[in-house]
Amino acid sequence: MNFEPTEMQQQITQVIRDFGKTHMHPYILEWDENQTFPVQLFKQLGELGLMGVLVPEKYGGSGLGYLEYVTVISEISKVCGAIGLSVAAHNSLCTGHILQFGSEEQKQHYLPKLASAEWIGAWGLTEPNTGSDAMNMKCVAHRDGDEWVLNGTKCWITHGKSGDVAVVIARTGDVRDSHGMSAFIVERGTPGFSGGKKENKLGMRASETAEMIFDNCRIPAANMLGNEGEGFIQSMKVLDGGRISIAALSLGIAKGAYEAALKYAQERHQFDKPIASFQGISFKLADMATEIMAAELLTMQAADDKTRGAKVTKHAAMAKYYASEVAVKTANEAVQIFGGYGYTKDFPVEKFYRDAKLCTIGEGTSEIQKLVIAREALK
């Protein structure tokens, strides 16, 4: 396999770097401090084709593959993990679910708006009492003539308040029945659908995380994705792709922290020498570089599997698990290399440090990834 960047990937990298310098770098700290979700920025990213990376051109998207998608997410995340997280959630979860399982009519209606970022997407699986235990969900939907009526709450939802459209998984059958859940498209403004508490987070603060509340929310029967009872199965397949997103997000954060630490170690002098010349620091940099490359190869393997249509569950879990742990370790070591300066907001590594931790939790914890990997290995 040849994972050398293609001409398209190189072009994407340059576009994002140029865009980041002008539209992201000057505002990152302000967004982080104030927990600002910069909606207008995502509209601009939509104009660049980065909010519908995997969406075919006939639906208004860029029509690119997963290798290009990994490039998009990792390059954005090198600048700001929070923006990378929101771009990933919009592309792989809400948009990705409709792309994979929507009817032709649903695709034609929703995908152009999502790909252009005219609409921001959200995806609702998690509930207050169901993190990894999704089959115990309490959010329910019952059929009433030509409508479904949703009741319940979803939490930890990216764009839960500001999203214009959400894919929501609700129970339509028995508890713990994998065929007892269904997926629905719910538009903002539908009576009975509202945003709840916005979380005050450690990191990823410019990526909105909030509750979605459904109180006798009526939606047309035509808004169901696929058939009744397929929601959980669909979600697990969507999460396979989502884990590649989080691996790419982790990779970008790790690279950003490493590059900052590498530069600082060559500029910072102690005992009349750059600190990079001391073995204690140089060995840290060596470990960081090696682990980042390993994480990148795992991520590209999973992306290549996805592009070829091969089964991706194990490799996606491996990439997500390893890359997220590498991001946390790399960011931690970057702060250590910066010393006291690394603990201040005058330098970028403290933000990489705070942002990285989410990667080991979101879209399946590291422990869940190990469970998935072990299950696949033991088949």
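Residues numbered from 1 in each chain as written. Predicted model: local features only at pLDDT ≥ 70, side-chain atom pairs only at ≥ 80, totals over all residues. Heavy atoms only, no water.

- The protein chain has the name Cyclohex-1-ene-1-carbonyl-CoA dehydrogenase in an unreviewed UniProt entry, where Chitinophaga agri is given as its organism.
- The record in UniProt for the protein chain states the following under Cofactor (unreviewed entry): "FAD".
- Its UniProt record, at the heading Sequence similarities (unreviewed entry), says of the protein chain: "Belongs to the acyl-CoA dehydrogenase family." (UniProt positions renumbered as here; feature names shortened; annotations may be inferred.)

Looking at the overall build of the protein chain
Move 1: The helix and strand tally for the protein chain stands at eleven helices and ten strands.
Move 2: Here the C-alpha atoms of the protein chain give a radius of gyration of 21 Å, agreeing with the 21 Å that 2.2 N^0.38 yields for 379 residues.
Move 3: Oriented by its inertia axes, the alpha-carbon framework of the protein chain measures out at about 80 × 45 × 40 Å.
Move 4: Taking all 379 residues of the protein chain together, the buried fraction comes to 54%.
Move 5: Intrachain contacts of the protein chain at a sequence separation of at least 6 include 74% that bridge at least 24 residues.
Move 6: For the protein chain, the exposed surface amounts to about 16,300 Å²; the carbon and sulfur share of it is 53%. (Helix = DSSP H or I, 4+ residues; strand = E, 2+ residues; numbered from the N terminus. Rg over C-alpha atoms; globule rule 2.2 N^0.38 Å. Buried < 20%, exposed > 50% of the residue type's maximum accessible area, 1.4 Å probe, protein only. Contact = heavy atoms within 4.5 Å. Areas by Shrake-Rupley, 256 points an atom, 1.4 Å probe, with all protein chains shown as cover.)

Describing the packing of aromatic side chains
Move 1: According to the stated counting rule, one finds eleven aromatic pairs in the structure shown.
Move 2: On the numbers, 5.4 Å between centres and 55° between planes, the contact of Trp148 with Phe184 is tilted. In this pair, Trp148 sits in strand E3 (residues 147-158) while Phe184 sits in strand E5 (residues 181-187), placing the two residues 36 residues apart along the sequence.
Move 3: By relative accessible area, Trp148 is classed as buried at 3%.
Move 4: In this structure Phe184 comes out as buried when scored by relative accessible area, which is 0%.
Move 5: Grouping aromatic residues by their ring pairs yields a cluster made of Tyr264, Phe338, Tyr341 and Phe347.
Move 6: Above the plane of the ring of Trp119 lies Lys113, whose end atom (NZ or CZ) is 5.3 Å from the centre. (Phe/Tyr/Trp six-rings, centres within 6.5 Å; stacked < 30°, edge-to-face > 60°. Lys NZ or Arg CZ within 6 Å of the ring centre and 35° of its normal.)

Considerations on the pattern of salt bridges
Move 1: Taken as a whole and judged by the stated rule, the model has 20 salt bridges.
Move 2: Here Glu296 ties to Lys255 by a salt bridge, and the two come within 2.9 Å at their closest N and O atoms. Placement of the pair is Glu296 in helix H8 (residues 279-308) and Lys255 in helix H7 (residues 231-267), with a sequence separation of 41 residues.
Move 3: Linking Asp355 and Lys351 is a salt bridge whose minimum nitrogen-to-oxygen distance equals 2.6 Å. Here Asp355 and its partner Lys351 are both found in helix H10 (residues 349-356), four residues apart, which amounts to about one turn of the helix. For the residue pair Asp355 and Lys351, the accessibility class agrees, reading buried in each case. (Salt bridge = Lys/Arg side-chain N within 4 Å of Asp/Glu carboxyl O.)

Focus on the domain arrangement of the protein chain
Move 1: In terms of domain boundaries, the protein chain breaks down into domain 1 (7-120), domain 2 (122-231) and domain 3 (233-378).
Move 2: Distance between the C-alpha centres of domain 1 and domain 2: 22 Å.
Move 3: Taken residue by residue, the interface counts 27 residues in domain 1 and 27 residues in domain 2.
Move 4: Here domain 1 meets domain 2 over a buried area of about 2,300 Å², counting both sides, of which 61% is carbon and sulfur.
Move 5: Of all residues in domain 1, the largest losses of buried area upon contact with domain 2 belong to Gln35, His97 and Ile120, amounting jointly to 28% of the total for that side. (Domains from an automatic or database assignment. Buried area = accessible area lost by both parts, 1.4 Å probe.)

Thoughts on helix H3 (residues 39-47)
Move 1: Listed as buried for H3 are Leu41, Phe42, Leu45 and Gly46. Down the axis of H3, the sector holding all buried residues measures 145°, keeping them to one side. Opposite the packed face of H3, turned more than 90 degrees from it, sit the exposed residues Gln40 and Glu47.
Move 2: With its phi angle positive at about 85°, Gly49 sits one or two positions after the end of H3. (Arc of directions from axis to C-beta.)

Considering the UniProt feature "domain: Acyl-CoA oxidase/dehydrogenase middle" (unreviewed entry) in the protein chain
Move 1: With numbering aligned to this structure, UniProt lists the feature "domain: Acyl-CoA oxidase/dehydrogenase middle" (unreviewed entry) at residues 123-217.
Move 2: Segment residues 123-217 splits into 0% helix and 51% strand. End C-alpha atoms: 16 Å apart.

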